[in-house]
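These are the residues of each chain, in order.
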Amino acid sequence: MTRLKLTNTLGGALEEFAPLDPSNVRMYSCGPTVYGPSHVGNFRAFLLGDLVSRYLRWSGYKVMWVMNITDVDDRIIRDLGEKGGTLDELTAPNIARFMADLGGLRIGPPDVLTRATEHIPEMAALIARLLANGHAYKTDDGSIYFRISSWPAYGTLARLEPGAARQTERVAADDYGKDDVRDFALWKGTKPGEPAWETEIGPGRPGWHIECSAMSMKQLGESFDIHTGGVDLIFPHHENEIAQSEAATGKKFVTTWLHNAHLQLSGQKMARRVGNIARPADVYEDGYTPVELRYALLATHYRAPLEWGDDTLDHARAALERLSTAVAALDAYEEDKADDPDLPAVLASARAAFALAMDDDLNVSGALAAVFELVRDLNRRVDVRSLSSADAQRAAAALRDLDSVLGVISVPDTLPDGAAALLEERAAARAAKEWAKSDELRDTLAAMGVAVEDTRDGQRWRVVGRVSDG
Ligand SMILES: [Zn+2]
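Since we're looking at a predicted model, the values are computed, not measured.

Visitor: What is the right way to read the pattern of salt bridges from this model?
Guide: Pairing is possible between side chains of opposite charge, provided their charged atoms come close. Considering all chains together, one arrives at 35 salt bridges under this definition. In this structure, Glu292 and Arg317 form a salt bridge, with 2.7 Å as the shortest nitrogen-oxygen distance. Pair noted here: Glu292 is in helix H10 (residues 290-298) and Arg317 is in helix H11 (residues 312-332), with a separation of 25 residues, a long-range link. Accessibility expressed as a relative area gives 8% for Glu292, which makes it buried. For Arg317, a relative accessible area of 29% puts it in the partly exposed group. The closest approach of N and O atoms between Glu425 and Lys437, which form a salt bridge, is 3.8 Å. With Glu425 in helix H15 (residues 419-431) and Lys437 in helix H16 (residues 435-447), this residue pair connects regions lying 12 residues apart in the sequence. Owing to a relative accessible area of 36%, Glu425 belongs among the partly exposed residues under this scheme. We classify Lys437 as partly exposed; its relative accessible area is 35%. Via salt bridges that share partners, Asp340, Asp342, Asp377, Arg380 and Arg381 belong to a single interconnected network.

Visitor: What is the right way to read the packing of aromatic side chains from this model?
Guide: Summed over all chains, the structure comprises 12 aromatic pairs. Relative to Phe46, the ring of Phe43 has its centre 5.4 Å away and its plane inclined at 90°; by these criteria the two rings are edge-to-face. Here the residue Phe43 and the residue Phe46 both occupy positions in helix H1 (residues 40-58), the gap between them amounting to three residues, near one helical turn. As far as burial versus exposure is concerned, Phe43 and Phe46 are alike and both buried. Among the aromatic residues, those joined into a cluster by ring pairs are Tyr28, Phe224, Phe253 and Trp257.

Visitor: Would you explain the environment of Asp282 in this entry?
Guide: In this structure, Asp282 sits in helix H9 (residues 280-285). Asp282 gets classed as buried once you look at its relative accessible area, which sits at 7%. Separated by 242 residues in sequence, Asp282 and Val40 have C-alpha atoms that sit 9.3 Å apart.

Visitor: Looking at this structure, I do not really get the domain arrangement of the chain. What am I missing?
Guide: Many analyses report the size of an interface as the accessible area lost when the parts associate. Segmentation of the chain into domains returns domain 1 (5-260), domain 2 (265-406) and domain 3 (419-463). The C-alpha centroid of domain 3 is placed 54 Å from the C-alpha centroid of domain 1.

Visitor: Got a minute to help me understand the nonpolar core in this structure?
Guide: Nonpolar side chains in soluble globular proteins tend to end up buried together. Grouped together as the largest cluster of nonpolar side chains are 84 residues, with contacts concentrated most on Leu56, Phe354, Leu362 and Leu399. For this core, the leading source of residues is H1, giving 11 residues. No fewer than three residues from each of domain 1 (5-260) and domain 2 (265-406) sit in this core. With residues up to four places along the chain from it excluded, the contact list for Leu399 reads Leu323, Val327, Leu330, Val371, Leu374, Val375, Leu378 and Ile409. Ranked by size, the runner-up nonpolar core spans 46 residues in total, among them Tyr28, Cys30, Met215 and Val254.

Visitor: Which parts of the structure should I look at to understand the packing of helix H12 (residues 343-359) against helix H14 (residues 389-406)?
Guide: In a pair of packed helices, the angle between the axes and the distance between the axes together describe the arrangement. Look at H12 against H14: their axes get within 10 Å of each other, and the N-to-C directions meet at 5°. The orientation of H12 relative to H14 falls into the category roughly parallel. The residues of H14 that touch H12, namely those facing Leu343, Leu347, Arg351, Phe354 and Met358, are Asp391, Arg394, Ala395, Ala398, Asp401, Leu402, Val405 and Leu406. When grouped by side-chain class, the residues that make up the contact of H12 with H14 number nine nonpolar, no polar and four charged.

Visitor: Looking at this structure, how should I read the packing of H12 against helix H13 (residues 364-383)?
Guide: Where H12 meets H13, the axes come as close as 7 Å, and the angle between the chain directions of the two elements is 165°. As judged from the angle between their axes, H12 and H13 are roughly antiparallel. In this structure, the crossing between H12 and H13 has a hand that is left-handed. Between H12 and H13, the contacting residues are Leu343, Val346, Leu347, Ala350, Ala353, Phe354, Ala357 and Met358 on the first element and Val364, Gly366, Ala367, Ala370, Val371, Leu374, Asp377, Leu378 and Arg381 on the second.

Rules behind the numbers
Residues numbered from 1 in each chain as written. Predicted model: local features only at pLDDT ≥ 70, side-chain atom pairs only at ≥ 80, totals over all residues. Heavy atoms only, no water. Salt bridge = Lys/Arg side-chain N within 4 Å of Asp/Glu carboxyl O. Helix = DSSP H or I, 4+ residues; strand = E, 2+ residues; numbered from the N terminus. Buried < 20%, exposed > 50% of the residue type's maximum accessible area, 1.4 Å probe, protein only. Phe/Tyr/Trp six-rings, centres within 6.5 Å; stacked < 30°, edge-to-face > 60°. Domains from an automatic or database assignment. Core = buried A, V, L, I, M, F, W, Y, C linked by side-chain atoms within 4.5 Å. Contact = heavy atoms within 4.5 Å. Axes fitted to C-alpha atoms, helices over the stretch in contact; angles between N-to-C directions. Parallel < 35°, antiparallel > 145°, perpendicular 65-115°, else oblique. Nonpolar A, V, L, I, M, F, W, Y, C, P; charged D, E, K, R; others polar. Left-handed = near helix turned anticlockwise from the far one by under 90°.

The following block contains the structure:
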């Protein structure tokens, strides 16, 4: 096990990570609200959950990672009112797109993806506990609110000044039944035209906050290790999750809260997009690959704001090209000679540097620096032919091992139809020193999306802009 330290939003300190059950780390990430497609900024948050779970697994922990899909909330209800149809009709295409985007970005998938509409009884049961112990009350319209004055710890996560919420929250017209303007809705009474469920606490629908408490506790227990989300969720969403969960159970809800900073779209290309919201599909339309987007979102420390400029994806592309080219070179490398005596130490120290950086609050820049230093060293050893064939395999495996945390190496193994024959033809042309023909074939292959490079180990090819599962 490593000595991982994480900055816990609860208290703000860098703390040594110590799971409640060392044999099973339990973590929850707030997932998408599927009233529309998720945008690039949302995926920065989902990637934080992915990075944490991958790193914990790489470090030797068993991990249970849960993410929710919010498929009923105020925004979805609002859209339903405008567009008509059923809840399912509105959310199904967005859920399908979200799942496709997760796959493209190599996020998880989480061990469990839970849907709010499939946990209404659990939400009602949790609210019933809060009604029973006096932390919640029902209003005339059948809505149920959490009584903030009953919970003195309210505001601890967001470090609110006492009374701050009172001044900043506006009173919505339909919230006049509340005892206190700060109180938040756990349950909303039935309204004409809105979906409603019959439950033990009466008919209605859940508020957004209770959804995450009910789903996370159902899957992970009343106390668990890590909860992730974007900084915009600290208040009120996560503050409310803590209040309602701990008021119901009397137990500490979550040990470590991790929040990623915002993504700031400042580049011209991105700013052009409506409302500054770019979807992954927009990025791919501009010619970038999912794994380039993944790298661009991961390469900045999660707590630092990510300034997204026009060159962000180009930098990602260049870095990935270096990495994938090095792995491809090692894959192709053959040299019948004794093992390089320095290699084991080189690989071990790269691994140690990588872990040291990641243990330091997931310092991904430091971890990437360790990877690229190793790439430079290995490239040099390939150039001077100091490695044996077995060394090259060990070195490629070492890079892939570090990449099991990062998930960014793309060494495709599938050529487009007809490309294999052209590559063979080109190898024959080169053997016959027919340089013009070889150049012509290189151009033909390039047009098919296959980049060819000539090395001592023969021609090396890469499918440009395509990714493998590796
Ligand atoms: Zn949530």
